[in-house]
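# Working through the structure, step by step
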Amino acid sequence: MSQAQATVSLPEPTVISRILRGLAGNRTGTIGFVLVVLILAAAIFAPWISQYDPAAIMTGPRMAPPSSDHWLGTDNLGRDLFSRVLAGGRVAMLVAGASLGAALSLGLVLGLVAGLGPRWLDNLLLLLFDALRSFPTIVFGLAVVTLVGPSLFTVILVVAITSVPIYARIIRTQAQSLRNAEFVMAERAMGAGLPRILFVHVLPNVLGPLLILASMDVPLVIATEAGLSFLGMGVRPPTSSWGVILNDGYNFIRNSPWPVIAGSVPIVLVTLGFTFLGEALRDIFDPRLQKAN
Amino acid sequence: MIYYATQRFLLSVLIVIVAISLLTLMLHVVPGDPATMILGPRATPELIEQTRVAMGLDQPLPVQIVKFFGRILHGDLGTDVFTGRAVSDIVFEQLPYTLVLIAVSILWSSVLGIVLGCYSALRAGTWLDTLSGILSVGTISIPAFVMALYAVLIFAVSLGWLPAIGAGEGFFDSAMHLILPAFAIGISWVGYIARMVRASMLEVMGAPHVRMARSFGLTEARIVRAYILRIAVQPAVTLLGTGVAHLFSAAVFVEVIFARPGIGALIVSSVNERNYPIILGAVLVTTAIIVLATLLSDLTVALLDPRQREAL
Amino acid sequence: MTKTNTVSMASAPFGRRAFLKGAASTCLFAATMPLGSRIWAQSGQTLRLSAYADIDALDPAFYQNGYNVDVMNCIYTKLIRYKAGREWDWELESAEEIEQVDDTHIRFKLKQGLQFSGDYGEITAEDVKFSFERAILHDSPVKSDWGPLDHVEVTGRYEGVIVLKEPFQPLWTIALPYGTGHIVSKKAVLDATDDGGNFGMTPPVFSGAYVLAEWKSNQYVRLTRNPAWTGPAPGFDEIRILPMDDTKTAERAYEAGDLDFTQITLSSLAQYRQDPPANTTIEEYPSLYYVWLGMNLDNPALGDKNLRQAIQYAINVKQVVDAAYFGEAEPATGLIAPGLPGHRDHSAIPVEGDLDKAREFLQAAGGPPSQPLTIDTLNASEWTTMAQIIQAQLAKVGIPTQINVQDSGSFWTLGMESEGDRWKNMQLVLNRFSMLPDPYYATSWFVSEQVGIWNWERFSSPEFDKLHQKALSEIDPDERAAIYRQMQDIMEQSGAYRFLTHEGSPVMYRDSLEPALRPDGRPLLPRFSGSV
């Protein structure tokens, strides 16, 4: 891990052009990039793309197959599936962004504390991380949801908490290896404070790789959301999410196969998009990063 | 190595204890009460109180946790007050179904994943590699329950080739009942393992000693067998170690959909009933297995690659 | 009940009949055998069906739900039983005769020669006395099934008198033919337990047509013929009950050939009717469940009766039910389903609701509430569908709502005072109770005593409580029915209830099977016949 010195400071023109050049030379990377851009655009512009309110019931016949009025058909309440898929995309991106953001920041803090703090605290935190990781996510999710009640916030909470240990561990390792790095020791000897070391040396080094890792975790987050919704513990109705669409579709699969298709295809696309993009970025910046995972 | 192993083992025990204590803490504040849930609408308040006492729910939380671990030292997971059966009986009756399911899922997906990964690595950059990449990534995050659902609808209901529910009896019948659930769980791992093996093989194939071997005129097939595969399989072992938790998660869904017995289905139903002794017993066993699997995979890796031992 | 279907026997696949050589000889053999043993010829016939829940009680005096009773029905006998068919009625099982001597005395006479399993000998009136009294003696949760039972007087080896403290009509509808009416051996139970109390999951004795051969929790319950059984032989050698808490799973299992009989969901019914699986009969039965939207009278936001009435009138029950049950269920007029005494022909508030009236009431209440009202609901598809339709309907008159989906553990303790303060915050709640075939069972949850237990609306009416008591001892059926109708009127007038539906209970089974079902579609397993 200590070899990962390829400095990834955030967007400078050179970095962007490097990314673009790297992507252009990578077939799957290009596919991933295009998919991610499309998905993000669909999520951002959802209300302007579809003519229906995703929560409006009885906009047409129920469980109708795709037609020119309803591009993906309708669900068991006669809601337009296409607009629900788009709205679900917004929820998915929100859950992914919020939970990964929270997990990253919390993981960053805890990881730095563990990596640079006293030994006993390090051990304690490590123990806690490992304990959290030793539950099957869904069991942990069940416990949290029954505790706080199902809602969008709960889903974010579950994903955030279960992801923190992964990030925290990576940052801890990074921080530790840097702590003993010669140039850091030298600076310390010259009287540089901890904050300076953190912001100048540690953060820039770990942030880039972490962001790439996080982007590759997006599909996992979305699958978790879908799973919780499947067990009836997802977002609050009438909010749409891909998991809810899948769950309803599963319940009414005899009536129409379309909702299950409408719910699962976006999940596959998101997985393809973010994984390919993440892998390509990783290859561009640091071919050895995968070892850290 | 022995020192390392002992250290890791003790740490694992500690992890399980912390995990279970965390869970107990959480369950304690969850709304819902086992006595009311299971005794049904007609239980008298006295009976509910009796049941709570019998389950030890009237005692302070730390006492409950200490007592729980105290009993475990004696190999006792407690008694289910509702059926009067030992929790360990209930849990270990269900556990084999899940373990077999997970084992079969891992097995077929590893074999296929490693083959696919090697193939992709040797043919890196070709359209076949791209196709296998798309296929394997595309299946990674299809939730297990969607896969299970499609599988059951196509192969059990429409085609009638395979049974839709249950675990079956006898070897042949049980094997038939395993195919669809193991397919649903394993399919996403094929992609994972293939990606992993491909990536590390590409890395190793570029490494100096492999290039040297090649320059000595060893055939490609021999290099693959002798050097690359052994090293490339390492991350797959690590992945499986950390992946057992995910496998258990997937088993929860698959067991629900296929109405299969198993520890996942047991956890879901006991959470719904708030039957704490069973939840704790089942999660304890699951957590212990996951921690053990992680431990084993770490030890294996450490055995293969001594450098890893320092990264405790 | 004992009819053997020789035609379908002959067409049954060969391999199933292990010890008979050919189809022709089967028919011949079968026709010359005495009735009781004739069905033995159908060796290897196993009836497979699903149950919503795994068994968790096998002691009849301590049964917990109908799925326990389905199994008890097979392994114990009782004096009288429900008639199979479309109308609620009972018939004799182990009693040779039974009669109501006066308001508080019921005389019975057992058939002679009925045997317990093992070495526990003949079933006698002493065993009946023991079986009936122990629910009360040991303070069973279901002791109220016996109401004011005082004791059973044994007047002969096979004869006795059930003595009540006061008249109790439900004795005939839910005590004798249902869970607590099953008979166990006094000696066997005393051998197995210290005090004759709950024997839990290990029945010490069997008195029915089947014995419990094997129970694998969460997998199956396997019942096989009881060799000691002297009554008419049951239609199957073996019954296998598989727990499946999702009816859709059961549907798929049936289609894949893993079940012979199953309930189906109302949402799948139309599809199945149109395109049934091969060799399948689909039948629709009404169900006794009742579903309603309740309002917490003690919640400050719902204190104004005008607001509650606005909600009652804003809900178009027809639309809600059509959406949730795909047009396959009827709106309810109250708690009590059609076919039971006390069912109301109409509710006071039209099932379609009345938006103008709703707006008037809302105006009288001073406009819509400032904060959204919460609708608590269970996390099952029909429920969340209903909640979302109700949300849309209430939004039409300007009442904002928020849906809280709860898992079953959280949901079923929502309104309980024993569970902290959650009951205080509960506002609107979608609820569904199960039901036994006597109106008393429905109204008993809404008396003042139940406030904070199962009466989550916290509805309390002295008049209602008085009528509930009165109806218990009312002998005249018309008068009794009138009382129950009046009680539902009172509930509706309180503004705390909007009755929604009784759902429905469609079933499907193989054409060759002859199921015996209660009028609400619940299976009477020992009386299933035919072949599978």
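Cut-offs and rules
- Residues numbered from 1 in each chain as written.
- Chains lettered and ligands numbered in written order.
- Predicted model: local features only at pLDDT ≥ 70, side-chain atom pairs only at ≥ 80, totals over all residues.
- Heavy atoms only, no water.
- Pairing = 2+ DSSP bridges.
- Helix = DSSP H or I, 4+ residues; strand = E, 2+ residues; numbered from the N terminus.
- Axes fitted to C-alpha atoms, helices over the stretch in contact; angles between N-to-C directions.
- Contact = heavy atoms within 4.5 Å.
- Buried area = accessible area lost by both parts, 1.4 Å probe.
- Salt bridge = Lys/Arg side-chain N within 4 Å of Asp/Glu carboxyl O.
- Polar contact = N/O pair within 3.5 Å; in protein donor to acceptor, adjacent residues only side chain to side chain.
- Nonpolar A, V, L, I, M, F, W, Y, C, P; charged D, E, K, R; others polar.
- Phe/Tyr/Trp six-rings, centres within 6.5 Å; stacked < 30°, edge-to-face > 60°.
- Buried < 20%, exposed > 50% of the residue type's maximum accessible area, 1.4 Å probe, protein only.
- Lys NZ or Arg CZ within 6 Å of the ring centre and 35° of its normal.
- Parallel < 35°, antiparallel > 145°, perpendicular 65-115°, else oblique.
- Left-handed = near helix turned anticlockwise from the far one by under 90°.
- pLDDT = per-residue confidence, 0-100.
- 1 Å grid on protein atoms, 1.4 Å probe; cavity = no way out; pocket = protein on both sides within 12 Å on 5 of 7 lines; lining within 4 Å.
- Points joined across faces, edges and corners; volume = space filled by probe spheres on them.
- Core = buried A, V, L, I, M, F, W, Y, C linked by side-chain atoms within 4.5 Å.
- UniProt positions renumbered as here; feature names shortened; annotations may be inferred.

## A few points about the pairing of strand β20 (residues 507-510) of chain C
Residues and elements named next belong to chain C.
- The sheet contact formed by strand β13 (residues 261-263) and β20 spans three bridges and is antiparallel. What sits directly across from F261, in β20, is Y509.
- Across four bridges, the pairing between strand β14 (residues 280-283) and β20 is antiparallel. By the bridge assignment for β20, E283 is matched with V507.

## Some details on the sheet that holds strand β16 (residues 373-378) of chain C
All names here are of chain C.
- Strand order in the open sheet made by the five strands is β17-β16-β18-β15-β19, with mixed pairing throughout. Of all strands in the sheet, those bounded by a partner on one side alone are β17 (401-406) and β19 (497-501). The sheet shows a mean angle of 25° between the axes of neighbouring strands, taken without regard to direction.
- Pairing of β16 with β17 involves six bridges; the strand directions are parallel. Each bridged residue has a counterpart across the sheet, and for D376 the counterpart in β17 is N404.
- On top of the sheet, helix α11 (residues 317-325) reaches β15 (290-295) and β19; it is set at about 40° to β19, its chief contact.

## What about the interface of chain C and chain A?
- Taken together, the contact pairs 29 residues of chain C with 20 residues of chain A.
- Across the chain C/chain A interface, buried area totals approximately 2100 Å², and carbon plus sulfur atoms make up 50% of it.
- Summed over the three residues of chain C that lose the most area to chain A, namely Q271(C), F326(C) and Q388(C), the buried surface amounts to 26% of that side.
- Counting across the chain C and chain A interface gives zero salt bridges.
- Summed over the shared surface of chain C and chain A, the result is ten residue pairs in polar contact (both at pLDDT 80 or more).
- Secondary-structure elements contributing two or more residues to the side of chain C that touches chain A are α8 (247-255), α9 (266-274), α11, α13 (381-396) and β17 of chain C.
- Across the side of chain C that touches chain A, the residue classes break down as eight nonpolar, 13 polar and eight charged.

## Things to note about the packing of aromatic side chains
Residues and elements named next belong to chain C.
- Under the definition given, this model contains 37 aromatic pairs over all chains.
- Considering the side-chain rings of W292 and F446, the 5.5 Å spacing of their centres and the 70° angle between planes classify their relative orientation as edge-to-face. Of this pair, W292 sits in strand β15 while F446 sits in the loop between α16 (439-443) and α17 (462-473), placing them 154 residues apart in sequence. You'll find W292 and F446 in the same group, each marked buried.
- Relative to W454, the ring of F433 has its centre 6.0 Å away and its plane inclined at 85°; by these criteria the two rings are edge-to-face. Of this pair, F433 sits in strand β18 (residues 428-433) while W454 sits in the loop between α16 and α17; the two residues are 21 residues apart in sequence, bridging distant segments of the chain. W454 matches F433 in its accessibility class, with the two residues each being buried.
- In this arrangement the basic side chain of R240 is found over the ring face of Y220, its NZ or CZ atom lying 4.5 Å from the centre.
- Between the NZ or CZ atom of R432 and the centre of the ring of Y289, over which it lies, the distance is 3.9 Å.

## Observations concerning the sheet that holds strand β6 (residues 105-110) of chain C
Residue and element names in this part refer to chain C.
- The strand order β5-β6-β8-β7 describes an open sheet built from four strands, whose pairing is antiparallel. Each having just a single partner strand, β5 (95-102) and β7 (149-154) make up the two edges of the open sheet. Across the sheet, the mean angle from the axis of one strand to that of its neighbour is 20°, orientation sign disregarded.
- Bridge count for β7 against strand β8 (residues 159-164) is five bridges, and the pairing is antiparallel. Of the residues in β8, the one forming a bridge with L149 is L164.
- Against the sheet, helix α5 (residues 125-137) touches β6, β7 and β8, its axis set at about 165° to β7.

## Quick look at the packing of helix α6 (residues 137-148) of chain A against helix α7 (residues 152-179) of chain A
Residues and elements named next belong to chain A.
- Interhelical geometry of α6 versus α7 gives an angle of 140° and a closest axis separation of 10 Å. Between α6 and α7, the interaxial angle falls into the category oblique. As α6 runs across α7, the sense of the crossing is right-handed. Facing T137, F140, G141, V144, V145 and V148 of α6, the residues of α7 in contact are T154, L157, V158, I161 and T162.
- Looking at the contact of α6 with α7 residue by residue, the classes come out as seven nonpolar, four polar and no charged.

## Points about the confidence of the model for chain B
Residue and element names in this part refer to chain B.
- Across chain B, pLDDT averages 80, with 90% of residues at or above 70.
- Within chain B, no element has a lower average pLDDT than helix α2 (residues 34-39), which sits at 70, and none a higher one than helix α5 (residues 87-122), at 88.
- Overall fold confidence for the complex sits at a pTM of 0.84, while the interface term, ipTM, reaches 0.79.

## Looking at the layout of surface pockets
- In this model, the second largest pocket occupies a volume close to 1100 Å³.
- In terms of lining, the second largest pocket is formed by 44 residues, of which the most central are R42(B), S144(C), W445(C), E449(C) and Q450(C).
- Among the elements of the structure, α3 (45-54) of chain B together with β7, α16 and α17 of chain C are those that each provide at least two residues to the lining of the second largest pocket.
- Of all the elements, α17(C) adds the most residues to the lining of the second largest pocket, at five residues.
- Within the lining of the second largest pocket, the residues separate by chemical class into 18 nonpolar, 14 polar and twelve charged.

## Quick notes on empty space enclosed by the protein
- On inspection of all chains with the given rule, the structure shows twelve cavities of 30 Å³ or more.
- Approximately 260 Å³ is the volume attributed to the second largest cavity.
- Lining the second largest cavity are 25 residues, with P237(A), V244(A), N247(A), D248(A) and T384(C) sitting closest to its centre.
- If you list the elements that add at least two residues to the lining of the second largest cavity, you get α10 (242-251) of chain A together with α13 of chain C.
- Residue composition of the lining of the second largest cavity, grouped by class: nine nonpolar, twelve polar and four charged.

## Let's talk about the nonpolar core
- Among the nonpolar cores identified, the biggest contains 320 residues, and L79(C), F132(C), L176(C), L223(C), I311(C) and F446(C) are the most heavily contacted of them.
- If near-sequence neighbours (up to four positions away) are discounted, L176(C) is found in contact with K78(C), L79(C), I80(C), I98(C), F132(C), W146(C), I162(C), L171(C) and G181(C).

## Some points on the pattern of salt bridges
All names here are of chain C.
- Within this structure, the stated rule accounts for 41 salt bridges over all chains.
- Its salt-bridge partner being K187, residue D191 comes within 3.2 Å of it at the nearest N-O pair. Taken together, the positions of D191 and K187, both in helix α7 (residues 186-192) and four residues apart, correspond to about one turn of that helix.
- Looking at D191, the relative accessible area reads 48%, which means it is partly exposed.
- Residue R458 pairs with E417 through a salt bridge whose shortest N-O separation is 2.6 Å. Linking R458 in the loop between α16 and α17 with E417 in the loop between α14 (408-411) and α15 (422-425), this pair joins segments that are 41 residues apart in sequence.
- When salt bridges that share partners are traced, they join K78, R81, E91, E93 and R527 into one network.

## A look at the UniProt feature "transmembrane region" (unreviewed entry) in chain B
Residue and element names in this part refer to chain B.
- As recorded in UniProt, the feature "transmembrane region" (unreviewed entry) lies at residues 9-30, 97-122, 134-162, 174-194, 237-258 and 278-304.
- Overall, residues 9-30 shows 95% helix and 0% strand. The separation of its end C-alpha atoms is 32 Å.
- Between the C-alpha atoms that bound residues 237-258 the distance is 29 Å, and the span itself is 95% helix and 0% strand.

## Considerations on unusual backbone geometry
- Residue P237(A) is joined to P238(A) through a cis peptide bond whose omega torsion reads 5°.
- Along the chain, the position of P238(A) falls in the loop between α9 (194-230) and α10.
- A positive phi is found at M63(A), a non-glycine position, where the angle reads about 50°.
- You can see M63(A) is positioned in the loop between α3 (46-49) and α4 (81-116).
- Even without glycine at this site, N279(C) takes up a positive phi of about 50°.
- Within the secondary structure layout, N279(C) lies in the loop between α9 and β14.
- The class for N279(C) is exposed, based on a relative accessible area of 56%.

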